[in-house]
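Each chain is listed here by its residues.
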Amino acid sequence: MASVTFDHVSKQYGNVTAVNDLDLQIGDREFLVFVGPSGCGKSTSLRMLAGLEEISAGTIYIGEQAINGVEPKDRDIAMVFQSYALYPHMTVYENMAFALKLRRMDTAQIDRRVRRAAEILSMTELLQRKPKQLSGGQRQRVAVGRAIVREPKVFLFDEPLSNLDAKLRVQTRAEITKLHRDLGTTFIYVTHDQTEAMTMGTRIAVMKDGVLQQVDTPQNLYEKPVNIFVAGFMGSPSMNFFAAKVTAAEGRLHVEGNGFQLSIPDRFKEPLTGYVGQTVTLGIRPENIHDAALAPHHLQGSTLSARVDLTELMGNEVFLYLLLNDTPFVARVDPRTRARSGNTLAVTIDLTQLHFFNQETTRAIR
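Q: Which residues make up the pairing of strand 7 (residues 154-158), and what values go with them?
A: Here strand 7 lies mainly inside the structure; 5 of its 5 residues are buried. Of the two faces of strand 7, the one carrying Val 154, Leu 156 and Asp 158 and the one carrying Phe 155 and Phe 157 are both buried. Alignment of strand 7 against strand 8 (residues 186-191), held across 5 bridges, turns out to be parallel. Counterpart to Leu 156 in the pairing with strand 8 is Ile 188. What joins strand 7 to strand 8 is helix 5 (residues 166-183), and the crossover it makes is right-handed.

Listed below in structure tokens is the structure:
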């Protein structure tokens, strides 16, 4: 078992900086997820740790050992890729045992490790099958099993669920989470899917354009994003943003925008006082916008009138795509709503759950 440290690590491809000054410590036995859009540097960071990409600047440590010049095979890691990369002519057992045979490991020890991994992944009955006889989910489990048998200090996962259908992704991410719990090993996982990140990681590192934006627990990232990018990236549907001017009247603060005026709860008064007369970015998550007819009675809210553009029934909730003076926004509401496309709907904003951001720096105002 081991911690992993990125000590001011950068990666450049000519004039392009793929990873810029990544400074991050991942604890022993932690499950850390790198998340961000395509091209943000998350996979490059993982590949530098694996030794598949050279480091342009900085140092990577596994435990106390700097590994910049260490060959990939000597780093005591195991990596699971998006592609299964199984040998088609070998059985599941042979695929899982192959790397151990290359190490000239004792046959009895190889057998013990392969069968233990198969038992952990509930695929003992598949050991004599060949890859063409397996489903996509089963092939992915074989790829994970091939990593388990190596008993590495660190497991690396590079978008391993991308080739699976939606239902199988949900099932397999639960299996990987349980695997982390059972093995008690450091897991580092890369995905572009924020739902995967939220449900799997003990901490999440959000990246954009090669720069680490925020690293924190899933709940803190969701409730206390440090900037507009993190706020908009974490959550589905994403946070709604409005330009809003901060005003003061009779000892109270308000924000005014295109078609709305909201009174600000006292807990926001101190951070926003310095912005009176200025325009900030107001953020509201879709689940904090309610159909006024169905809003909880205890809600500290403010009601607005919006036009319903589109509705999406999700079973246990409805996504409403609304227009406020032609400004689009999204609400997640109770499925009992009577909202219909083209109608006008009264919606209630939960004022206790507002977010505010500096328009120039995009940083959260706290």
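After that view, the rundown keeps rolling.
Q: Account for the packing of helix 2 (residues 92-102) against helix 3 (residues 107-120), naming residues and giving values.
A: One way to put it is that helix 2 packs onto helix 3 with a least axis distance of 10 Å and a crossing angle of 135°. Looking at the two axes, helix 2 sits oblique to helix 3. For the pair helix 2 and helix 3, the crossing hand works out as right-handed. On helix 3, the residues touching Tyr 93, Met 96, Ala 97, Leu 100 and Lys 101 of helix 2 are Ile 110, Asp 111, Arg 113, Val 114, Arg 115, Ala 117 and Ala 118.

Q: Pulling in residues and values, what's your account of unusual backbone geometry?
A: For the bond from Ser 236 to Pro 237, the omega torsion is -10°, close enough to zero to count as cis. Within the fold, Pro 237 resides in the loop between helix 8 (228-233) and strand 11 (240-249). In this model, Thr 362 sits at a positive phi of 65°, which is unusual for a non-glycine residue. Tracing the sequence through the fold places Thr 362 in the segment after strand 20 (355-357).

Q: Requested: an account of the sheet that holds strand 16 (residues 301-313), with residues and values cited.
A: With antiparallel pairing, 5 strands are arranged side by side in an open sheet as 15-19-16-17-18. With partners counted over all chains shown, the strands left at the sheet margins are strand 15 (289-291) and strand 18 (327-333), one partner each. The mean inter-strand angle of the sheet, taken between neighbouring strand axes irrespective of direction, is 50°. Pairing analysis gives 3 bridges linking strand 15 to strand 19 (residues 344-350), with the strands arranged antiparallel.

Rules behind the numbers
Residues numbered from 1 in each chain as written. Predicted model: local features only at pLDDT ≥ 70, side-chain atom pairs only at ≥ 80, totals over all residues. Heavy atoms only, no water. Buried < 20%, exposed > 50% of the residue type's maximum accessible area, 1.4 Å probe, protein only. Helix = DSSP H or I, 4+ residues; strand = E, 2+ residues; numbered from the N terminus. Pairing = 2+ DSSP bridges. Right-handed = clockwise from strand over helix to strand, strands pointing away. Axes fitted to C-alpha atoms, helices over the stretch in contact; angles between N-to-C directions. Parallel < 35°, antiparallel > 145°, perpendicular 65-115°, else oblique. Left-handed = near helix turned anticlockwise from the far one by under 90°. Contact = heavy atoms within 4.5 Å.

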